[in-house]
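# Summary of the model geometry
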Amino acid sequence: MASILDEYEDSLYRSASVQQSRSSVGIPHSGYVNARLEKETPIFNKQRIDFAPPEKINSLVVSSNQLCMSLGKDTLLRIDLGKPDEPNQVELGRKDEAKVYKMFLDHTGSHLLIALNTSECLYLNRSVQKVRALSRWKGHLIESVGWNKFLGTETNTGPILVGTAQGQIYEAEISVSEGSLFSTNPDQYFRQVYTLEEESGSAPVCCVEIERGIEGKFFIIATTRKRLFQFVGKVPEGTEQQGFGSIFAMHADHLPSFREFPASFGFSEIAFYTPKLRSNPRSFAWMMGNGVLYGTLDYSRPDSILSDERVWVYPSDIDVTVNKPISIVLTQFHFLLLLPDRVMAVCTLNEQVVFQDLFLEKFGTLTRMIKDPVVQQIWIHTEKVVFRYHVQRESRDVWKMYMNMNKFDLAKEYCKDRPECLDIVLAKEAEHCFQNKRYLDSAKCYALTQNYFEEIALKFIEAKQEEALMEFLIKKLNNLKHSEKTQTTLLTTWLTELYLNWLGVLEGDPSQRNLYLDTREKFRTFLSSPKNKDCLFNNRASIYELLASHGDTEHMVYFAVIMQDYERVVAHHCQHDEYDEALNVLSRHRDEKLFYKFSPVLIQHIPKKVVDAWISMGSRLDARNLIPALVNYSQSASTQQINEAIRYMEFCVYQLEETQQAIHNYLLSLYALCRPDSLLSYLEQAGTNPNRIHYDLKYALRLCAEHGHHHACVHIYKVMELYEEAVDLALQVDVDLAKSCADLPEDDEELRKKLWLKIARHVVQEEKDVKKAMACLSSCALLKIEDVLPFFPDFVTIDHFKEAICNSLEDYNKHIEELKREMEEATQSAKRIREDIQEMRNKYGSVEPQEKCAACDFPLLNRPFYLFLCGHMFHYDCLLQAVFPNLPAYKQAKLEDLQKKLAATSQPSKGHHRPKDADTASLGKGQQSREQIKADIDDIVAAECVYCGELMIRSIDKPFIDPQKYEEEMQSWL
């Protein structure tokens, strides 16, 4: 449907853009262009549709760019607004005096319901040309329809709700067949679910709306002339197709929650605003006798989704008895009322009438206003003319309304892309916070505005709000550019002075300790900020003077460290032999780098205090960086002073649980030098697992050997699993220690025996103690008397070994008897096996003539076959086909070779002139070879049943389709 006004509107936009480009950009104010000087198009832009109806327009509905209008008595015009030049006209085919009462179009634009004033209803689907009567709906004057936006499709409406003039709510469903023709009954069912009533009795159901919330909860809103009802209930997942009867059944015994107003002008209408396609409505507006009830929808509420409700009362120029409202439409920030002669737009934020559009009398009385829920266009029609409203940049002035309502966050959200408006909002918010004594928030907002800096600073000074002033200066400093060096220097110096004054005030008040610590941390962050680093470095002399004037040694040290000028304080104390003062500065500042640098000097003079300071620092210090200071100190100190180094190393190892090898090695060297009694306990506490030991084993072994700590060396040998060296060294110290080492290699019996032989040899040859040697023999089960005898001299009498020799002989006799018993058992087993083999040779089975092959299901006796003990029977070729792919490669090759040999023996000889005797001899020889080949093939192919043997078990993880042939198999199915 071509529109002349569309072209006019385009030309209007083009001319407006040209004029805007040529117009003045406005008077500069605070660095921004005055937005009021820019020409803007109205929010609601009306255009008349270039359409002259042949008959008067009775009703018009629009949805999803599908427009349907009723013309005259019997004509229905359908227009796809995407193809306005291709209208479709349908005749209702009514011969009586029935007229169109109302029309209803679903959200997809596919299902059209036509209510007649004769209490009948017609149905038309977008895909067909024929109108069908809904027989089950006859006798009901339809007032409203609640479409199912969740289950409705182009061919099926899903369960819908229908409101009648008599106050009943019916549930219905309309469906069309897949073909071009309707089924016998397009209306699947039509059943009553509820009746709405007012004080005077039943009342027409003016509007019905179905919405779905969270967790399967449904909200049904129905309105009469004076009441707004809400039905809330859950529909179990998967049962949505069964309808909403369960929700209404919950209110069979009691009324649902409703809102009621006293006045009425015979009907009401409710409108919803949906921000996005296929989302839930976000707000509502209900037009009734007393005014317009509007608000938001909160789907998380249990009983009512209506929230933030307000009532806009009709102004004095609207007389509901003469020019009562006809329709209502809701947009994001406005609702539009249709009166008989004009359209009125009211802002929902401030309830002000922001737009009125009068219509000329020549167009006739305005009949209806509707909104396309998908395209968001607004349509108005009279009996002769159709108009359309475009909503353009509706939120352009919303920021100002939110600002006036002191909702500054929302105001900033709607003007974030307009800096001139954002500056106004920020200034207003800052002033509002200042008046309400929220000075810190005010300072943050003022810092983002373009207001004069001096004016704002004086404002906070007069109010004696130094903390807010500091916040303002910090924000301003962060917003300065790198090139604005003078302003940066001024603000940095001023902030330093303010911080020092504020810290001085808070430090003297114990009750403000937390605030003091917080402010101190902010000041340190300010001094260490990378952005301020260059400015502070260039003006460090002034900063030092400020710090010195306030006597703030702590922050002087901190600032010196930041400026890498810490020698100004710490080195000064060290040069004047004020080591306690230097250590106090380090302890108070608690900077690790300062400790690392000055510890070598301080530990020479106050070792105990330095170690105490290190311990107080805890894990913040890395002990590896302190080892050079300890080494220099321990080399020139006495044993008592070395104990301080040991004390700190023990703190690192046992308290901080340090695992660094250098720390453990150094502690080990100190133990070996001054505390041998603690050395072994340290090694034993470290354990015997080399992966969990933190000292160097080789270094520890060399260190202990140099100082003659043999027990410690033996322990280290055990950890290193050098058991022979451990036993050799232990024998020099204690035989019992050597015995404990000999039992360590539990998994290596040969090594254990070798170690115990070393101990036995030492006991016999070095200590010459026969009884102790016999004790060794009893301590180790691996040693025999014959292993120990070579170590004894020839003059030793046998009396000492008599008992051991007798025990050994008895063990040998027992072993011989066990071998005899095992031989007898093996002989019996061999005999039973031979008997089983002989029995198997005589075993046979019978095959019936009707038996079939288990693989191919063909008669078994037609070809050579195999019969297995399990009962399965296979043809030779079927069994070969099943077994061959599952054989190992070498068996496959052997089987192919045997088959070739078998084929060769079956070939007739090519010689024609051979002696008869030679032929006979050759035949016998070939026949014997052929039988042997068959037997070899049988051993491979018929070794076990293919269904019952290991072959079936091994093939359980093999795919049904060979991966190499998978693609080929896939293509064969296409």
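Residues numbered from 1 in each chain as written. Predicted model: local features only at pLDDT ≥ 70, side-chain atom pairs only at ≥ 80, totals over all residues. Heavy atoms only, no water.

## With respect to the sheet that holds strand 29 (residues 378-381)
Reading across the sheet, the four strands line up as 1-30-29-28 and stay open at both edges, with antiparallel pairing between neighbours. Of all strands in the sheet, those with a lone pairing partner are strand 1 (44-48) and strand 28 (368-371), marking the two edges. Taken pair by pair, the neighbouring strands of this sheet meet at an average axis angle of 20°, ignoring direction. The pairing of strand 28 with strand 29 spans four bridges and is antiparallel. Of the residues in strand 29, the one forming a bridge with R368 is H381. (Pairing = 2+ DSSP bridges. Helix = DSSP H or I, 4+ residues; strand = E, 2+ residues; numbered from the N terminus. Axes fitted to C-alpha atoms, helices over the stretch in contact; angles between N-to-C directions.)

## Points about the sheet that holds strand 23 (residues 306-313)
Here four strands make up an open sheet; going across it, the order is 20-21-22-23 and the pairing antiparallel. Two strands lie at the open edges of the sheet, namely strand 20 (269-273) and strand 23, each paired on one side alone. Ignoring which end each strand starts from, the neighbouring axes of this sheet average 20° apart. As defined by bridge partners, strand 21 (residues 283-288) adjoins strand 22 (residues 291-297) across six bridges and the pair is classed as antiparallel. Across the sheet, the residue bridging to W286 is L293, located in strand 22.

## A few points about the state of the cysteines
Should the sulfur atoms of two cysteines be covalently bonded, the bond is a disulfide. Evaluation of the coordinates by the stated rule reveals zero disulfides. Looking at the unpaired C945, the closest cysteine sulfur is the one in C870, lying at 3.5 Å. Of the residues examined, C945 reaches a relative accessible area of 6% and is grouped as buried. (Disulfide = S-S within 2.5 Å. Buried < 20%, exposed > 50% of the residue type's maximum accessible area, 1.4 Å probe, protein only.)

## Some remarks on the packing of aromatic side chains
Across all of its chains, the model carries 33 aromatic pairs by this definition. Measuring from centroid to centroid gives 5.7 Å for Y294 and F335, while their planes differ by 45°, and the two rings are tilted. Placement of Y294 in strand 22 and of F335 in strand 25 (residues 334-338) is noted, with a sequence separation of 41 residues between them. The pair Y294 / F335 is uniform in exposure class, with both members buried. Relative to F387, the ring of F363 lies with its centre 5.1 Å away and its plane at 75°, an arrangement referred to as edge-to-face. Of this pair, F363 sits in the loop between strand 27 (353-358) and strand 28 while F387 is found in strand 30 (residues 386-391), placing the two residues 24 residues apart along the sequence. Over the ring of Y189 we find R191; its NZ or CZ atom is 4.1 Å from the centre of that ring. The ring of F537 is capped by R540, whose NZ or CZ atom sits 4.1 Å from the centre of that ring. (Phe/Tyr/Trp six-rings, centres within 6.5 Å; stacked < 30°, edge-to-face > 60°. Lys NZ or Arg CZ within 6 Å of the ring centre and 35° of its normal.)

## Remarks on the pairing of strand 27
Where strand 26 (residues 342-347) lies against strand 27, five bridges are found, and the strand directions are antiparallel. Note on strand 27: the bridge partner recorded for V343 is D357. Two successive antiparallel strands, strand 26 and strand 27, enclose a turn made up of five residues, where E351 displays a positive phi of approximately 60°.

## Notes on helix 21 (residues 676-686)
Within helix 21 the residues assigned to the buried category are S678, L679, Y682 and L683. The arc enclosing the buried residues of helix 21, seen along the axis, measures out at 135°, which places them on a common side. For helix 21, exposure combined with an orientation more than 90 degrees from the buried face picks out D677 and Q685. (Arc of directions from axis to C-beta.)

## Focus: the confidence of the model for the protein
Per-residue pLDDT for the protein averages 80, and the proportion of residues at 70 or more is 84%. Ignoring residues within four places in sequence, the model shows residues 33-38, a span with pLDDT below 50, making 10 contacts including any to other chains. For residues 909-927, every residue scores under 50 in pLDDT, and the model assigns this stretch three contacts once sequence neighbours within four places are set aside. (pLDDT = per-residue confidence, 0-100. Contact = heavy atoms within 4.5 Å.)

## A short note on the packing of helix 6 (residues 439-446) against helix 8 (residues 466-479)
Close contact between helix 6 and helix 8 brings their axes to 8 Å; oriented N to C, the two are set at 20°. For the element pair helix 6 / helix 8, the angle class is roughly parallel. Between helix 6 and helix 8 the crossing geometry is right-handed. Where helix 6 abuts helix 8, its residues Y439, L440, A443, K444 and Y446 lie against E467, A468, E471, F472, K475 and K476. Split by residue class, the contact of helix 6 with helix 8 holds six nonpolar, no polar and five charged. (Parallel < 35°, antiparallel > 145°, perpendicular 65-115°, else oblique. Left-handed = near helix turned anticlockwise from the far one by under 90°. Nonpolar A, V, L, I, M, F, W, Y, C, P; charged D, E, K, R; others polar.)

## Quick notes on the pattern of salt bridges
Taken as a whole and judged by the stated rule, the model has 30 salt bridges. The closest approach of N and O atoms between D357 and K46, which form a salt bridge, is 3.3 Å. With D357 in strand 27 and K46 in strand 1, this pair connects stretches of sequence that are 311 residues apart. Owing to a relative accessible area of 27%, K46 belongs among the partly exposed residues under this scheme. A salt bridge links D341 to R342; its shortest N-O distance comes to 3.3 Å. Beyond isolated ion pairs, a larger network of salt bridges with shared partners links K608, D612, E644 and R647. (Salt bridge = Lys/Arg side-chain N within 4 Å of Asp/Glu carboxyl O.)

## Points about the packing of helix 9 (residues 485-507) against helix 12 (residues 540-549)
Between helix 9 and helix 12, whose axes approach to 10 Å, the crossing angle comes to 15°. Here helix 9 lies roughly parallel to helix 12, going by the angle between them. By crossing handedness, the relation of helix 9 to helix 12 is classed as right-handed. Note on element contacts: helix 12 touches helix 9 through I543, L546 and L547, opposite T493, T496, E497 and L500. Counted by class, the contact of helix 9 with helix 12 contains four nonpolar, two polar and one charged residues.

## What to know about a positive patch on the surface
On the surface, a cluster of positive charge is contributed by K56, K73, K95 and K99. As for its placement among the helices and strands, K99 is situated in the loop between strand 5 (88-91) and strand 6 (100-105). (Patch = residues over 30% accessible without salt bridge, like charges linked within 9 Å, V, L, I, M, F, W, Y side chains within 5 Å. Areas by Shrake-Rupley, 256 points an atom, 1.4 Å probe, with all protein chains shown as cover. Lys, Arg positive; Asp, Glu negative; His and termini not counted. Charge placed at Lys NZ, Arg CZ, Asp CG, Glu CD.)

## Considerations on the side chain of R342
On the secondary structure map, R342 appears in strand 26. The class for R342 is buried, based on a relative accessible area of 8%. Within the structure, R342 has its side chain in polar contact with the side chain of D341 (distance 3.3 Å). A polar side-chain atom of R342 sits 2.9 Å from a polar atom in the side chain of Q356. Not counting chain neighbours up to four residues away, the residues in contact with R342 comprise D317, I318, N323, L337, Q356, D357, L358, F359 and L366. (Polar contact = N/O pair within 3.5 Å; in protein donor to acceptor, adjacent residues only side chain to side chain.)

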